[in-house]
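Listed here are the chains, written in short residue letters.
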Amino acid sequence: MSYRIGSGIDFHQLAPGRELWIGGVLIPHHKGAVGHSDADVLLHAVCDAMLGALALGDIGLHFPNTDPQYKNIDSKILLRHTYALVQSKGYEIVNLDTTLCLEKPKILPHVAAMRTTIAGILQVAVEDVSIKATTTEQMGFAGREEGLMAYATVLLKKSSQP
């Protein structure tokens with residue numbers, strides 16, 4: 001059986017007047033992520049991890065921020081499209097491990113909903129989706145609440161489906 005591993009990383013600025021979408025879940029907060037799409041940093045990192053595992057480029061190649069069709073798009077749509085591409089290459093997800101880096105808001109109350117959302121899109125068990133969060137101990141742009149970042153690692157295997 002053939003296995004492939006990929007890693008992804010994404011960053012977004014935080015600003016007042018925007019919604020904060022993380023892991024496909026709307027999180028109440030006084031700041032939201034800035035981006036061409038809904039700026040869901042976690043889903044973007046997951047997309048990049050899957051694309052990287054199969055050497056298919058990155059999220060910017062597939063969903064350029066210069067293309068108006070992706071303006072304010074729900075990143076769950078991007079995740080579905082990316083996973084369909086992975087499946088078209090004959091692969092499926094074994095597991096996904098992610099880490100969010102941000103000072104506020106606290107993510108733990110939202111992790112179960114994020115895991116359920118992502119697992120549903122990627123057609124895996126919730127137990128195959130890990131979401132962790134950490135602060136930067138008030139250091140750097142994340143510590144100053146100017147932005148947030150996410151890291152993702154994915155393991156793919158050659159699908160047993162023809």
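Residues numbered from 1 in each chain as written. Predicted model: local features only at pLDDT ≥ 70, side-chain atom pairs only at ≥ 80, totals over all residues. Heavy atoms only, no water.

Peer 1: A description of the nonpolar core should follow, citing residues and the corresponding values.
Peer 2: Soluble globular proteins tend to bury their nonpolar side chains together. In terms of nonpolar packing, the biggest core is built from 47 residues, with I22, M50, L100 and L122 touching the most fellow members. Taken together, the elements giving at least two residues each to this core come down to β2 (20-22), β3 (25-27), α1 (41-53), α3 (75-88), β5 (91-101), α4 (108-122), β6 (129-134) and β7 (147-158). The greatest single-element share of this core, amounting to 10 residues, is contributed by α1. Not counting residues within four places of it along the chain, the set of residues in contact with I22 comprises I27, D40, L42, L100, L102, I107, M114 and L148. (Core = buried A, V, L, I, M, F, W, Y, C linked by side-chain atoms within 4.5 Å. Buried < 20%, exposed > 50% of the residue type's maximum accessible area, 1.4 Å probe, protein only. Helix = DSSP H or I, 4+ residues; strand = E, 2+ residues; numbered from the N terminus. Contact = heavy atoms within 4.5 Å.)

Peer 1: So what's going on with the side chain of T99? Which residues, and what values?
Peer 2: Relative to the elements of secondary structure, T99 occurs in strand β5. In this structure the side chain of T99 is engaged in a polar contact, spanning 3.2 Å, whose partner is the side chain of K132. Contact partners of T99, with chain neighbours within four places excluded, come to K132, T134, M149, A150 and Y151. (Polar contact = N/O pair within 3.5 Å; in protein donor to acceptor, adjacent residues only side chain to side chain.)

Peer 1: Got a sec to walk through α1? Specific residues and values, please.
Peer 2: With 13 residues, α1 should reach 18 Å at 1.5 Å per residue; the first-to-last C-alpha distance of 18 Å fits that figure. With 12 of 13 residues buried, α1 lies mostly within the body of the structure. Residues V41, L42, L43, H44, A45, V46, C47, D48, A49, M50, L51 and A53 constitute the buried set of α1. (Expected span 1.5 Å × (residues − 1).)

Peer 1: Can you tell me about the packing of aromatic side chains, naming the residues and giving the values?
Peer 2: A ring pair, where both rings are aromatic, is described by two values, the distance of the centres and the angle of the planes. As enumerated under the stated definition, the model contains 2 aromatic pairs in all. Relative to F141, the ring of F11 has its centre 6.1 Å away and its plane inclined at 55 degrees; by these criteria the two rings are tilted. You can see F11 sitting in strand β1 (residues 3-15) and its partner F141 sitting in helix α5 (residues 140-143), a full 130 residues away along the chain. Take F141: its relative accessible area is 30%, and that puts it in the partly exposed class. On the numbers, 5.4 Å between centres and 85 degrees between planes, the contact of F63 with Y70 is edge-to-face. One exposure class covers both F63 and Y70, and it is buried. (Phe/Tyr/Trp six-rings, centres within 6.5 Å; stacked < 30°, edge-to-face > 60°.)

Peer 1: Would you mind going over the pattern of salt bridges in detail, with residue names and values included?
Peer 2: If you walk through the whole model with that rule in mind, you get 4 salt bridges. We note a salt bridge from K157 to E92, for which the minimum N-O separation is 3.6 Å. Residue K157 is located in strand β7, and its partner E92 is located in strand β5; the two are separated by 65 residues in the primary sequence. Among the salt bridges present, the one from R144 reaches E146, with a minimum N-O distance of 2.9 Å. (Salt bridge = Lys/Arg side-chain N within 4 Å of Asp/Glu carboxyl O.)

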